[in-house]
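Here is how the chains run, residue by residue.
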Amino acid sequence: MSKLLNKLKYKRDSVTLEELIFLLSTNKFDKKIFEIADEVREKYVGNEVHIRAIIEFSNFCKMDCLYCGLRRQNKNIKRYRMNPEEILKRVRLIAEKNIKTVVLQSGEDPYYNTEIIENLIIEIKKMNLAVTLSIGERNFEEYKIWKNAGADRYLMRHETADPNLYKKLHPSDTFENRKSHLLKLKELGYEIGGGCMVGLPGQGPYELAKDLIFLREIDSDMIGIGPFIPNPETPLRKEKGGNLNTTLKMIALSRILIPTANIPATTAMGSIHPFGRQIALKCGANVIMPNLTPNPYRPNYTLYPNKICLFERDTACINCVKGMITNLGREIGKSFGFRIKNLQTNEV
Ligand code: 5AD
Ligand code: FES
């Protein structure tokens, strides 16, 4: 066994699917995996935790993903759209608070056409911020226009790298198509953010191991991993959700396999455990994304139940995450927090 742990430390590129399946099938080595992930994190991305302010600007969605509370068929949700002026007002506030990245997230909402998004990017770039888009699948031409307008990064979780499970969860999409979007975004020069949920129905060690291999294969610059949390307003309401330990292990293993990636301690981690995000930051994560969606909209962006921060006041999450970072003995990131790729060594 020490041989496999040694491989994690010194030969990460040669870790195989079978070995990952094994590590995901037993809890025996978890403590060791978490320790290695923390060491790798410190060595490759240091002690800084980057803060990315997220604005969930629309909860309209044309898709019907089986797990998601924003799915089109959910009639039990109050839909909202922020107009560009409202969004920019919020971004100005974020810039004043000296945060360096804004994440614009929404459901898949074609109301925001090419030009609206382009103009938002142009205006935000004038404020000297990094811009991350997280607005779902669009056409390749739009990705290009937005890149030229100054967009820096694009979050698009692959959700699951098992094509059959992907198809079941996303009736109108395929895993191959998802992959092609991620690769196109990368080719255009975006930093890309893949990632998955953990604990989906039908997802075991084999499927999870494939997620990790996929993230390594596409060399994902950012990696968002969180537990699946069953939403009562969706067809998956009766399923069991993901647990803290397995999700943590997925975060830790992604850190080990892709050492320079930027990996958030996700909101979903914080939603299944009061210290979920702090624990993630100690097992490989180096990014945190405070919720800056303004009221009255914030409580309506309900991907899953018990989402944290919905009733926090306005900008409270900024101070909250800053306190979290300092309490852990880490540093608040001061730069834009782009991926550091210059360390070439394959050793811890
Ligand atoms: N539980 C956990 N995560 C979810 N997401 C959507 N619905 C759920 C849920 N029920 C995640 C997806 C998506 C991200 C924005 O939120 O992975 O990519
Ligand atoms: Fe929102 Fe702590 S991050 S209250």
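Details of the structure are given in the entry above.
J.: So what's going on with the pairing of strand β1 (residues 48-58)? Residues and values would help.
T.: Judged by how many residues are buried, β1 sits mostly within the fold: 10 of 11 residues are covered. Judged from the 2 bridges that link them, β1 and strand β7 (residues 287-288) form a sheet pairing that is parallel. Within β7, the position partnered with I51 by the bridge is I288. Inspection of the sheet shows β1 paired to strand β2 (residues 101-106) by 6 bridges, in the parallel sense. Paired with E56 across the bridge in β2 is Q105.

J.: Go over the site of ligand 1 with me, naming the residues and quoting the values.
T.: Close to ligand 1 lie Y67, C68, R157, E159, M197, P227, F228, I229, L303 and Y304. Contact distances for ligand 1 include 2.9 Å between an oxygen atom and a side-chain N or O atom of R157. In isolation ligand 1 exposes 400 Å². Once the protein is present, 87% of that is buried. In the shell around ligand 1, the residues fall into 8 nonpolar, no polar and 2 charged.

J.: Explain the packing of helix α2 (residues 17-25) against helix α10 (residues 244-257) residue by residue, including any values.
T.: Interaxial distance between α2 and α10 falls to 11 Å at its minimum, and their mutual angle equals 150 degrees. As summarised for this structure, α2 and α10 are arranged roughly antiparallel, according to the angle between their axes. Here α2 runs over α10; the crossing is right-handed. Between α2 and α10, the residues in contact are L20, L23 and L24 and K249, M250, L253 and L257, respectively. Residue composition of the contact of α2 with α10, by class: 6 nonpolar, no polar and 1 charged.

J.: Report on the side chain of H181, specifying residues and quantitative values.
T.: Locating H181 in the fold gives a position in helix α8 (residues 175-187). Excluding residues within four positions of it along the chain, H181 makes contact with E137, R138, F140, Y143 and M156.

J.: A description of the pattern of salt bridges should follow, citing residues and the corresponding values.
T.: What the rule picks out here adds up to 26 salt bridges. A salt bridge links E19 to K7; the shortest N-O distance between them is 3.0 Å. With E19 in helix α2 and K7 in helix α1 (residues 2-10), this residue pair connects regions lying 12 residues apart in the sequence. Notably, a salt bridge pairs E85 with R92, separated by 3.6 Å at the nearest N-O pair. Classification of R92 by relative accessible area gives partly exposed; the value is 38%. Counted as one network, the salt bridges with shared partners bring together K186, D219, D221, R339 and K341.

J.: Outline the environment of C196, listing residues and values.
T.: Here C196 is to be found in strand β5 (residues 191-198). The class for C196 is buried, based on a relative accessible area of 0%. Taking the C-alpha atoms as reference, C196 lies 9.5 Å from M156; in sequence the two are 40 residues apart. Those residues in contact with C196 that sit more than four places away from it in its chain are R157, H158, E159, T160, D211, G224, I225, G226 and M250.

J.: Let's hear about the state of the cysteines: which residues, and what values?
T.: Summed over all chains, the structure comprises 0 disulfides. Between C196, a cysteine without a disulfide, and C65, which holds the nearest cysteine sulfur, the sulfur-to-sulfur distance is 15 Å.

J.: Mind laying out helix α9 (residues 205-217), listing which residues take part and the relevant values?
T.: Taking 1.5 Å of rise per residue, 13 residues should cover 18 Å, and α9 covers 18 Å from first to last C-alpha, within 8% of that figure. Trailing α9 by a residue or two, D219 shows a phi angle of about 50 degrees, which is positive.

J.: Tell me about α10, and name the residues and values.
T.: Three- or four-residue spacings in an α-helix give side chains the same orientation, since the helix completes a turn every 3.6 residues. An ideal rise of 1.5 Å per residue puts 20 Å on 14 residues; α10 measures up with 20 Å between its terminal C-alpha atoms. Across the 14 residues of α10, 11 count as buried, placing the element largely inside the fold. For α10, the complete set of buried residues consists of T247, L248, K249, M250, I251, A252, L253, S254, R255, I256 and L257. Sitting at the head of α10, N243 places a side-chain oxygen 3.1 Å from the backbone nitrogen of N245.

J.: Lay out the environment of G195 with the relevant residues and their values.
T.: The residue G195 is located in strand β5 in this model. The class for G195 is buried, based on a relative accessible area of 0%. For G195 and P84, which are 111 residues apart along the polypeptide, the C-alpha to C-alpha distance reads 28 Å. G195 has contacts with R157, H158, E159, L215 and G224, leaving out every residue within four places of it along the chain.

J.: So what's going on with the pairing of strand β6 (residues 222-227)? Residues and values would help.
T.: With 6 of 6 residues buried, β6 lies mostly within the body of the structure. Burial along β6 is two-sided: the residues M222, G224 and G226 and I223, I225 and P227 are all buried. Judged from the 6 bridges that link them, β5 and β6 form a sheet pairing that is parallel. Its bridge partner being in β6, G193 is matched across the sheet by M222.

Thresholds applied
Residues numbered from 1 in each chain as written. Chains lettered and ligands numbered in written order. Predicted model: local features only at pLDDT ≥ 70, side-chain atom pairs only at ≥ 80, totals over all residues. Heavy atoms only, no water. Buried < 20%, exposed > 50% of the residue type's maximum accessible area, 1.4 Å probe, protein only. Helix = DSSP H or I, 4+ residues; strand = E, 2+ residues; numbered from the N terminus. Pairing = 2+ DSSP bridges. Near = heavy atom within 4 Å. Polar contact = N/O pair within 3.5 Å; in protein donor to acceptor, adjacent residues only side chain to side chain. Areas by Shrake-Rupley, 256 points an atom, 1.4 Å probe, with all protein chains shown as cover. Nonpolar A, V, L, I, M, F, W, Y, C, P; charged D, E, K, R; others polar. Axes fitted to C-alpha atoms, helices over the stretch in contact; angles between N-to-C directions. Parallel < 35°, antiparallel > 145°, perpendicular 65-115°, else oblique. Left-handed = near helix turned anticlockwise from the far one by under 90°. Contact = heavy atoms within 4.5 Å. Salt bridge = Lys/Arg side-chain N within 4 Å of Asp/Glu carboxyl O. Disulfide = S-S within 2.5 Å. Expected span 1.5 Å × (residues − 1).

So yeah, pure geometry; function would need other evidence.
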